[in-house]
Amino acid sequence: MAFKVGLLGLGTVGAGTAEILLNPAQRHPLLQEIELYRIGVRSLDKPRAVKLPPDLLLTTDLDAIVTDPNIDVVVEVIGGLEPARSLMLKAIAHGKHVVTANKAAIARFGDEIFTAANEAGVYVLLEAAVAGGIPVIEPLKQSLCANRIQMIMGIVNGTTNYILSRMQMEGSSFESVLADAQALGYAEADPTADVDGLDAADKIAILASLAFGGRIKLAEVHCEGIRQVSAADIAYAEKLGFVIKLLATAKRDSQIAHEDSGLAQLQVRVHPTLVPKIHPLASVNGVFNAILIEGDPVGQVMFYGPGAGAGPTASAIVSDILNIAAILKVGRGSNMGRSSNVAQGNNVQADGKPLLDPLLACSHQDYCTIAPISDLVTRFYARVLTHDHPGVIGKLGTCFGSHNVSLESIVQIGLRNDRAEIVVITHHVREGNFRAALEEIRSFESVTVPSVLRVV
Ligand code: HSE
């Protein structure tokens, strides 16, 4: 055993990771050279989902792990922002490579963490942070690196996909499916991060950064969740040939590079979306995740699989550990030692800074420019309720037209609570224009607009 791992956290994902590290048989032979050396936990008394060898050191002193001179790689699976951020920074400062599943910390503190890692000459790998067991980070960094990425569009949150899939199948309301999902353990007691789109926003910020080669300010990612998606909208969408999905999208907005940074302007957004039933993402149901990537010249590539859970997430974490172990093994011959030795061996640049594999390390310096959502050009679905008077549809059409919003269809579906229910689908229009038209429509007497959704 030459390569030592310090594991921070022994919850679901930590236990899954320990399980793989302790049972290397029939997996990659390099696993036999990796030792689960110490585990940091909050409480020593908790029952664990994995059987640990009696000599394995469990400690509540997390600092002792990130500063332990014997440890090569720190695996952070405690989650949350703090102390995860500080522990990762401290591990880096002590010359340790870091593997993390923590999308929230990376999406917020990625600049600080990667700057520190590059200075220290260590890797911070995060395959598990986005879409659990689906390999997408490494494909973006390596397998697809010859491409100019044009778009990433994904279902990256299993909880919301489960809720929307059940609403679709059962015709149920958001509230009743959420309550049931919580009772079944598919949704958290506090579902905010999932149902309000925040978890998906963290993930698309990370993917966009890798795909478009720049840092992303999370606050600039437009984010809407699924609370406002109603059973009525799902039913109408179905009749029109769509399903409703929470999509996370990052797209090159313009071929023209941003003047200062040379980076393209991007759209980065999360919102419920009407997806045509024939679209590759439309049939991704339940807790599954999928990410569609469009690159030049590869075209469209889709990754599908389990986006969470002990086994899938641990699969991603251990692949990152193995990647680091493989690099260290090659860099040092068969005599693997401590990671801080990288800086003292052959792998240094002329200026003495440690040299990292450019396909695995993250060296972005500049921030991408993200276009405001009002500049988005997309199709819209809107459901309007109004008195059933002659000329109402004409008035709506005229108002949209006066704001340069071209309609693909406008149909009175029927009556809901004695009011006419009208569903509008637009052509591709500028969001700012569409919103201005809606504001005017909302000011009409006895008109309400209960739903507005974007359409792929
Ligand atoms: N809460 C996430 C989801 C899983 O529902 O997909 C972890 O990223």
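All of these numbers come straight from a predicted model, not from anything done at the bench.

Here we take up the packing of helix α3 (residues 84–93) against helix α4 (residues 103–120). Interaxial distance between α3 and α4 falls to 9 Å at its minimum, and their mutual angle equals 10°. Classified by the angle their axes make, α3 and α4 are roughly parallel. Here Arg85, Met88, Leu89 and Ile92 of α3 come into contact with α4, specifically with Ala105, Phe109, Glu112, Ile113, Ala116, Ala117 and Ala120. Class assignment for the residues of the contact of α3 with α4 results in nine nonpolar, no polar and two charged.

The residue Lys141 is located in helix α5 (residues 137–143) in this model. Buried Lys141, no salt bridge; nearest opposite-charge side chain is Asp320, N-O distance 6.6 Å. Engagement of the side chain of Lys141 in a polar contact is seen with the backbone oxygen of Leu360, the distance being 2.8 Å. Once residues lying within four places of it in the same chain are set aside, the contact partners of Lys141 are Leu125, Leu210, Leu359 and Leu360.

A separate point is the packing of aromatic side chains. On inspection of all chains with the given rule, the structure shows four aromatic pairs. Centroid distance Tyr162 to Tyr186: 4.3 Å. Interplanar angle 25°. Geometry classified as stacked. Residue Tyr162 is found in helix α6 (residues 158–170), and its partner Tyr186 is found in the loop between α7 (174–184) and α8 (192–195); the two are separated by 24 residues along the sequence. Residue classification places Tyr162 among the buried residues on the basis of a relative accessible area of 11%. You can call Tyr186 partly exposed: its relative accessible area is 43%. Here the aromatic cluster, defined as three or more aromatic residues joined through ring pairs, consists of Phe380, Phe400 and Phe434. Above the ring of Phe109, the side-chain terminus of Arg85 is found at 5.4 Å from the ring centroid. Positioned above the aromatic ring of Phe444 is the side chain of Lys395, whose terminal nitrogen or guanidinium carbon lies 4.3 Å from the ring centre.

Let us look at unusual backbone geometry. Pro83 follows Glu82 through a cis peptide bond whose omega is 10°. The topology assignment puts Pro83 in the loop between β4 (73–76) and α3. At Ala131, a residue that is not glycine, the phi angle is positive and equals roughly 60°. Of note, Ala131 is situated in the loop between β6 (124–125) and α5. One non-glycine residue, Ser446, lies in positive phi territory at about 50°. In this structure, Ser446 sits in the loop between α13 (431–442) and β18 (448–455).

Turning our attention to the domain arrangement of the chain. Here the chain is partitioned into domain 1 (3–133 + 310–347), domain 2 (144–306) and domain 3 (373–455). Centre-to-centre, using C-alpha coordinates, domain 1 lies 52 Å away from domain 3.

Time to look at the confidence of the model for the chain. On average, the chain scores 92 in pLDDT, and the residues at 70 or more come to 94%. Taken together, the stretch residues 333–337 has pLDDT below 50 and engages in nine contacts with residues farther than four places along the chain or on a different chain.

The side chains of a regular strand alternate, first on one face of the sheet and then on the other. Bridging between strand β15 (residues 407–416) and strand β16 (residues 419–426) involves eight bridges; their strand directions are antiparallel. Residue Ile410 lies in a different strand from β16, and its bridge partner there is Val424. Count of turn residues in the β15/β16 antiparallel hairpin: two residues, of which Asn417 carries a positive phi of about 50°.

Turning our attention to the site of the ligand. Near the ligand the following residues occur: Lys103, Asn157, Gly158, Thr159, Asp194, Asp199, Lys203 and Ala308. In the model, an oxygen atom of the ligand is placed 2.6 Å from a nitrogen or oxygen of the Gly158 main chain. For the ligand, whose unbound accessible area comes to 260 Å², protein coverage reaches 79%. When residues of the shell around the ligand are traced back to their parent elements, those giving at least two are α6 and α9 (198–212).

In the contact formed by α4 and α9, the axes pass within 9 Å of each other and the chain directions differ by 55°. Put simply, α4 runs oblique to α9. Crossing of α4 against α9: the hand is left-handed. Together, Lys103, Ala104, Ile106, Ala107 and Arg108 of α4 and Asp199, Asp202, Lys203 and Ile206 of α9 make up the contact between the two elements. Per-class residue counts for the contact of α4 with α9 are four nonpolar, no polar and five charged.

As enumerated under the stated definition, the model contains 22 salt bridges in all. For Lys329, the salt bridge identified is with Glu33, shortest N-O distance 2.8 Å. On the criterion of sequence distance, the pair formed by Lys329 in helix α11 (residues 310–332) and Glu33 in the loop between α1 (12–22) and β2 (34–40) is long-range, its members being 296 residues apart. With a relative accessible area of 27%, Lys329 lands in the partly exposed category. The salt bridge partner of Glu431 is Arg435, with a shortest N-O separation of 3.0 Å. Placement of both Glu431 and Arg435 in helix α13 is noted, with a separation of four residues, approximately one turn of the helix.

This part covers helix α12 (residues 392–402). When α12 is considered as a whole, its buried residues turn out to be Val392, Leu396, Cys399 and Phe400. For α12, the angular spread of buried residues about the axis comes to 100°, placing them on one side. The outward face of α12, more than 90 degrees from its buried face, is lined by the exposed residues Thr398 and Ser402. Buried residues along α12 sit in contact with β14 (377–386), β15, β16 and α13. Downstream of α12 by a residue or two, Asn404 has a phi angle that is positive, lying close to 65°.

Rules used in this analysis
Residues numbered from 1 in each chain as written. Predicted model: local features only at pLDDT ≥ 70, side-chain atom pairs only at ≥ 80, totals over all residues. Heavy atoms only, no water. Axes fitted to C-alpha atoms, helices over the stretch in contact; angles between N-to-C directions. Helix = DSSP H or I, 4+ residues; strand = E, 2+ residues; numbered from the N terminus. Parallel < 35°, antiparallel > 145°, perpendicular 65-115°, else oblique. Contact = heavy atoms within 4.5 Å. Nonpolar A, V, L, I, M, F, W, Y, C, P; charged D, E, K, R; others polar. Buried < 20%, exposed > 50% of the residue type's maximum accessible area, 1.4 Å probe, protein only. Lys, Arg positive; Asp, Glu negative; His and termini not counted. Salt bridge = Lys/Arg side-chain N within 4 Å of Asp/Glu carboxyl O. Polar contact = N/O pair within 3.5 Å; in protein donor to acceptor, adjacent residues only side chain to side chain. Phe/Tyr/Trp six-rings, centres within 6.5 Å; stacked < 30°, edge-to-face > 60°. Lys NZ or Arg CZ within 6 Å of the ring centre and 35° of its normal. Domains from an automatic or database assignment. pLDDT = per-residue confidence, 0-100. Pairing = 2+ DSSP bridges. Near = heavy atom within 4 Å. Areas by Shrake-Rupley, 256 points an atom, 1.4 Å probe, with all protein chains shown as cover. Left-handed = near helix turned anticlockwise from the far one by under 90°. Arc of directions from axis to C-beta.

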